[in-house]
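The primary structure of each chain is shown beneath.
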Amino acid sequence: MRSVWSLLAPLATLLVGCSVAPVSTHPPISPSDPGPANTTPLKGLVHGGQQPIQGASVYMFALSTSGYGPPTPASTSLLLSTGPDTILNPTTGNYYVTTNATGGFTIGVGDYACGTGSPQQVYLYAIGGNPQVGGDNAAAGLMAVLGQCTANTFSGLPASIQMDEVTTVAAAYALAGYAGDATHMSGSNSALAAQGMKNAALSAANLADLGTGFALTATPNGNGSVPQSEINTLANILASCINSSGPGSSACTTLFSDAMNGSTAPIDTATAAINIAHNPGVNVAALWSLSRATAPFQPSLSSAPNDWTIGVTYTGGGMTDSGGLAVDGSGDIWVANFGNYHGVSISELNPVGTPLSGSGFTGGGLDSPDGIAIDASGNVWLANFSNNSLSKFSSLGVALSGSGYTGGGLNDPSALAIDTSGNVWVTNFNGPSLSKFSSLGVALSGSGYTGGGLNGPYGVAVSTSGDVWIANVGGVLSRFDSSGSPVSGSPYSGGDIDDPLAVAIDASGNIWLSDYTPWISEFSSSGIALSPSNGYTGGGVDHPGSIAIDGVGNVWLSNANSYTSGGGIVRTPGSRPALDGTTYSDSVTEFDSSGNPVSPSTAYLSAGFNDLGDIVVDGSGNVWVSDINTDSLTELVGAAAPVVTPLVTAVANHQLGTRP
């Protein structure tokens, strides 16, 4: 067995934890008490390929709170029957307004009511009309995210809202975690789901400007790099259908056959965009070819990309050799800055990537923090590899641990997990042992728990039953009970487990391991190997360091494709092209809950990938990966299904691997 016992840089930290239907298929869901109508009008323009669309029907929807599906419940219609400008669609029962000869529309005073009971996340959907190319086009579907409405009030909207293919791509990706199609978007009625939907709606503004309808190059805060050319290319793909003779045109039929939801073809371009967001590795070249026929949005990609994930890369907040990641209940991203074995800070970014930590939070005994986890009170815990201590910070970034918590057998602590009693479990790579601390930082494990096959313990996760599972680089899976005793039968092997670095637990209690060799392994909650003798392979899995599970049980991995030499990370030359033609060896792989690869054979790539560390999924369905070499963090917008955050909340609510 090839060993990677020296793989101790923040290559990984190691926790984690639709059907398409036409508008007429499902009855609308409307507020039972819409409350008072609006007193401020909304105005905008609908464009297809930068040409005005005359006679389009513009609907105003909010994300429903009726559950996730499938089938996904209908979005909530917000236009009122009593509105002076609204028109009834007798087929769906929903109301709309129409665009004039210049593509303009007005949702006037008294036309809608939103957010009167509780805040709602709102978007506009335009369908049909004449794009002034080939007559009326029933397949022309466009969207724009307006964001949160509270008592008929929106924040930050431009005087005129521009709806076009770019804003449609932004809406499709930002809301992908809740979308079945353009008129069916829904989450649950939990507080965590409400937070996730709010954050998702906010992320659309990181991709497109509603005042101009153009794709951004940088996020509004300025610290995020946006793949403008890719967004424009996706917009051009939609424009090829919109600027055509209609649904029967070659452009539309090609688009709809290449942007399926399973075996169901979309009936409009907005739903096609959602399907592409859900399946970013499918028919990539065929879709790209559509963008060449008519390309009104520039700059665009001159060749087909590896995939259609949209990666936004963020810097700032004190990120330095960024490794471990954790997501709190508000959707903020916390980053452990390993700092080339001398890091003394952690960073916090809000759900849209804006730094909240200045040049980084310090103190609390921080020294090369690697593992990171968040407790039920929102406190942030870190394992300090260099000085054998734990640090604790409040949700505001205030150090709570003095010069660091010590004892308990800490010896090169690598990863940590928190149980439902607030106890902190820590793997000690060079113990080899397992430490346990109370929520107050009191060591409970003496000189460390041993046995159970501990052999280079690295990744750790806690199950809903309270068992502690440990990935050992020595090639086995260990299991301890809540008192720190090895469970009979531990360690477990099989499933081609070899050099496992990280561990995660799904909704069925199954244990997933990222194996640096490279493949992934799966075990049942009783330790029986479920993966085949050669592990699960494919999907571009390539030296995976970290692992996360999303809200439908799909497994996500960060592929670092690095190796160690003399105690430091050494880059392996890349071999796969990224969007700008540069080669990268780092990537993200996705498997479904049965171990089948979802990502293409080249995995998912982003220009921001260089030397990946940890991977996490947030409550909006965004996938976040840290990058060690570039001191950055990349977000794959809307790539996954939303999850419950922080991880300890998912454990406590028996919601591991499920949506909020």
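Heads up: the structure comes first, above all this text.
Residues numbered from 1 in each chain as written. Predicted model: local features only at pLDDT ≥ 70, side-chain atom pairs only at ≥ 80, totals over all residues. Heavy atoms only, no water.

K.L.:
Honestly, empty space enclosed by the protein in this entry has me stumped. Any pointers?
P.N.:
Rolled over the atoms, a probe as big as a water molecule pinpoints where empty space is left. Its volume calculated, the second largest cavity comes out at about 90 Å³. In terms of lining, the second largest cavity is formed by 15 residues, of which the most central are Gly196, Asn199, Gly331, Gly619 and Thr645. Tallied by class, the residues present in the lining of the second largest cavity amount to four nonpolar, 10 polar and one charged. (1 Å grid on protein atoms, 1.4 Å probe; cavity = no way out; pocket = protein on both sides within 12 Å on 5 of 7 lines; lining within 4 Å. Points joined across faces, edges and corners; volume = space filled by probe spheres on them. Nonpolar A, V, L, I, M, F, W, Y, C, P; charged D, E, K, R; others polar.)

K.L.:
Please clarify how the sheet that holds strand E29 (residues 500-505) should be interpreted in this entry.
P.N.:
Strand order in the open sheet made by the three strands is E29-E30-E31, with antiparallel pairing throughout. Of all the strands in the sheet, the pair left with one neighbour each is E29 and strand E31 (519-523). Looking at each pair of strands side by side, their axes are set apart by 25 degrees on average, direction ignored. Here E29 runs beside strand E30 (residues 511-515); their pairing, made up of five bridges, is antiparallel. Of the residues in E30, the one forming a bridge with alanine 502 is serine 514. (Pairing = 2+ DSSP bridges. Helix = DSSP H or I, 4+ residues; strand = E, 2+ residues; numbered from the N terminus. Axes fitted to C-alpha atoms, helices over the stretch in contact; angles between N-to-C directions.)

K.L.:
What should I look at first to understand the packing of helix H3 (residues 228-242) against helix H5 (residues 269-278) in this one?
P.N.:
Put simply, H3 and H5 touch, their axes get as near as 10 Å, and they point 145 degrees apart. Seen from above, H3 lies across H5 with right-handed handedness. Residues Leu234, Leu238, Cys241 and Ile242 of H3 lie in contact with H5, whose contacting residues are Thr269, Ala273 and Ile276. Looking at the contact of H3 with H5, its residues break down into six nonpolar, one polar and no charged. (Left-handed = near helix turned anticlockwise from the far one by under 90°. Contact = heavy atoms within 4.5 Å.)

K.L.:
Quick question: what am I supposed to make of the packing of H3 against helix H4 (residues 250-258) here?
P.N.:
How two helices sit against one another is set out by the angle between their axes and by the gap between those axes. Two numbers describe how H3 lies on H4: the axes approach to 7 Å, and their chain directions differ by 130 degrees. In terms of orientation, H3 and H4 fall into the oblique class. Only Ala251, Cys252, Leu255 and Phe256 of H4 make contact with H3, whose side of the interface consists of Ile237, Leu238, Ser240 and Cys241. For the contact of H3 with H4, the residue count by class is seven nonpolar, one polar and no charged. (Parallel < 35°, antiparallel > 145°, perpendicular 65-115°, else oblique.)

K.L.:
Can you walk me through the environment of threonine 649 in this structure?
P.N.:
Tracing the backbone through its elements, the reader meets threonine 649 in helix H7 (residues 647-652). On the accessibility criterion, threonine 649 (18% relative accessible area) is buried. For threonine 649 and glycine 177, which are 472 residues apart along the polypeptide, the C-alpha to C-alpha distance reads 20 Å. Once residues within four sequence positions are removed from consideration, threonine 649 is found in contact with Leu192 and Val644. (Buried < 20%, exposed > 50% of the residue type's maximum accessible area, 1.4 Å probe, protein only.)

K.L.:
So what exactly am I meant to see when it comes to the nonpolar core here?
P.N.:
The nonpolar side chains of a soluble globular protein tend to be buried with one another. Counting residues in hydrophobic clusters, the biggest one holds 69 residues, and the most contacted among them are Tyr125, Met143, Tyr173, Leu207, Leu255 and Trp308. The element that contributes the greatest number of residues to this core is helix H1 (residues 165-174), accounting for seven residues. Non-local contacts of leucine 255, meaning those with residues more than four positions away in its chain, are made with Ile237, Leu238, Cys241, Thr269, Ala272, Ile276, Leu287 and Leu290. Residues Val46, Ala62, Leu78 and Met163 belong to the second largest nonpolar core, which totals 28 residues. (Core = buried A, V, L, I, M, F, W, Y, C linked by side-chain atoms within 4.5 Å.)

K.L.:
What am I meant to see in the state of the cysteines here?
P.N.:
Between two cysteines, a covalent bond joining their sulfur atoms is known as a disulfide. Using the criterion set out here, one finds two disulfides in the structure. What pairs with cysteine 114 in a disulfide is cysteine 149, and their sulfur atoms sit 1.8 Å apart. Across the S-S bond linking cysteine 114 and cysteine 149, the dihedral sits near 75 degrees, which makes this disulfide right-handed. Residue cysteine 114 is found in the loop between strand E7 (104-107) and strand E8 (120-127), and its partner cysteine 149 is found in strand E9 (residues 141-149); the two are separated by 35 residues along the sequence. Taken as a pair, cysteine 114 and cysteine 149 share a single burial class, namely buried. The disulfide that involves cysteine 241 links it to cysteine 252, with 2.0 Å between the sulfurs. Handedness here is read from the sign of the S-S torsion; for cysteine 241 and cysteine 252, about 95 degrees, the answer is right-handed. With a gap of 11 residues between them, cysteine 241 in helix H3 and cysteine 252 in helix H4 connect regions that are remote in the sequence. Going through the protein in sequence order and numbering each bonded cysteine, the pairs you get are 1-2, 3-4. (Disulfide = S-S within 2.5 Å.)

K.L.:
Explanation requested: H5 in the structure shown.
P.N.:
It helps to recall that an α-helix has 3.6 residues per turn; residues three or four apart then point in one direction. The buried fraction of H5 is high, at nine of 10 residues. Here H5 has its buried residues at Thr269, Ala270, Thr271, Ala272, Ala273, Ile274, Asn275, Ile276 and Ala277. Between the side-chain oxygen of the N-cap and the backbone nitrogen of alanine 270 there are 3.0 Å, and the N-cap of H5 in question is aspartate 268. (Polar contact = N/O pair within 3.5 Å; in protein donor to acceptor, adjacent residues only side chain to side chain.)

K.L.:
Explain unusual backbone geometry to me, please; I cannot follow it from the model alone.
P.N.:
Cis rather than trans, the peptide bond between glutamine 298 and proline 299 has omega equal to 0 degrees. Topologically, proline 299 is positioned in the loop between helix H6 (284-290) and strand E16 (311-314). For the peptide bond that leads from serine 490 to proline 491, omega is 10 degrees, which places it in the cis range. Secondary-structure assignment places proline 491 in the loop between strand E28 (476-480) and E29. Here aspartate 496, not a glycine, exhibits a phi torsion of approximately 65 degrees, which is positive. Considering the arrangement of structural elements, one finds aspartate 496 in the loop between E28 and E29.

K.L.:
Looking at this structure, I do not really get the side chain of serine 524. What am I missing?
P.N.:
Relative to the helices and strands, serine 524 is located in the loop between E31 and strand E32 (544-549). Its relative accessible area of 11% is what places serine 524 among the buried residues. Side-chain polar atoms of serine 524 contact the side chain of serine 526, separated by 3.0 Å. Look past the residues within four positions of serine 524 in its chain and what remains in contact with it is Trp469, Gly509, Asn510, Ile511 and Leu530.

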